[in-house]
Amino acid sequence: MSEALEKLSKYQLRFTMATSAVSISVLLLAWSHLPPEVPLLYNNPWGQEQLVAPIWLWSLPVISLLINVAVFIVSKKISDLDPVLIGIILSTAIMFQIILNLGLWRIVGSML
């Protein structure tokens, strides 16, 4: 793996760990202030169908963390392939992390 991809790979892992830690901290700090139901399922029609128990908010940082760690491991295993492909995969994982965490922070922030 080239030096630039190695840096991107390390950045992706550090960024994943940092944003996951922030998301978990936000959930822990806001947990007692969350209502019995929070909106999470935005693809459902507006109303009661969008609401879930707050415990489901934990799925966002967990899914994000699992996907990003898997991408990190896969990028190390396929390091012999095209470096552009690996860069795209790592960059996509970072964007996925940003989108999930911003969604979580917005949901929790709107409940406080």
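Everything below is about the structure shown above.
Within each chain, residue numbers correspond to sequence positions counted from 1 in written order. It should be noted that, the model being predicted, local features are given only for residues of pLDDT at least 70 and side-chain atom pairs only at 80 or more, the latter also being counted only at that level, while totals for whole chains, interfaces and linings use all residues. Just so you know, side-chain values use all the structure's heavy atoms and leave hydrogens and water out.

Caption draft 1: View of the packing of aromatic side chains. Stacked, edge-to-face and tilted labels apply to pairs of Phe, Tyr and Trp rings (six-membered ring for Trp) whose centres lie within 6.5 Å, assigned for plane angles under 30 degrees, over 60, and everything in between, in that order. For the coordinates displayed, the defined rule picks out two aromatic pairs. Here Tyr11 and Phe15 contribute two aromatic rings whose centre-to-centre distance is 5.9 Å and whose plane-to-plane angle is 25 degrees, an arrangement assigned as stacked. Placement of the pair is Tyr11 and Phe15 together in helix H1 (residues 3-30), with a separation of four residues, close to one helical turn. Judged by relative accessible area, which is 43%, Tyr11 ranks as partly exposed. A ring pair is formed by Trp31 and Trp58, whose centres lie 6.0 Å apart and whose planes are at 45 degrees; its orientation type is tilted. Of the two residues, Trp31 is situated in the loop between H1 and strand E1 (38-39) and Trp58 in the loop between strand E2 (51-52) and helix H2 (59-77); the sequence distance between them amounts to 27 residues. Summary of the burial criterion: residues with accessible area below 20% of their type's maximum are buried, those above 50% are exposed, and those between are partly exposed, where the area comes from a 1.4 Å probe applied to protein chains only. Given a relative accessible area of 35%, Trp31 falls into the partly exposed group. Put simply, DSSP H or I for four residues or longer makes a helix, DSSP E for two residues or longer makes a strand, and each gets a number counted from the N terminus.

Caption draft 2: Quick peek at the packing of H2 against helix H3 (residues 83-111). Packing of H2 against H3 brings their axes to within 10 Å, and their N-to-C directions diverge by 170 degrees. Relative to H3, the element H2 lies roughly antiparallel. Between H2 and H3, the residues in contact are Leu60, Pro61, Ile63, Ser64, Leu65, Ile67, Asn68, Val71 and Ser75 and Ile86, Ile89, Leu90, Ala93, Ile94, Phe96, Gln97, Leu100, Asn101 and Leu104, respectively. Gly falls in the polar group here, along with every residue not listed as nonpolar (Ala, Val, Leu, Ile, Met, Phe, Trp, Tyr, Cys, Pro) or charged (Asp, Glu, Lys, Arg). In the contact of H2 with H3, the residues fall into 14 nonpolar, five polar and no charged. The axes are straight lines fitted to the C-alpha atoms, using for helices just the contacting stretch, and the angles between their N-to-C directions are given from 0 to 180°. We call two directions roughly parallel when the angle between them is under 35 degrees, roughly antiparallel when it is over 145, roughly perpendicular when it lies between 65 and 115, and oblique otherwise. Any two residues whose heavy atoms approach within 4.5 Å are treated as being in contact.

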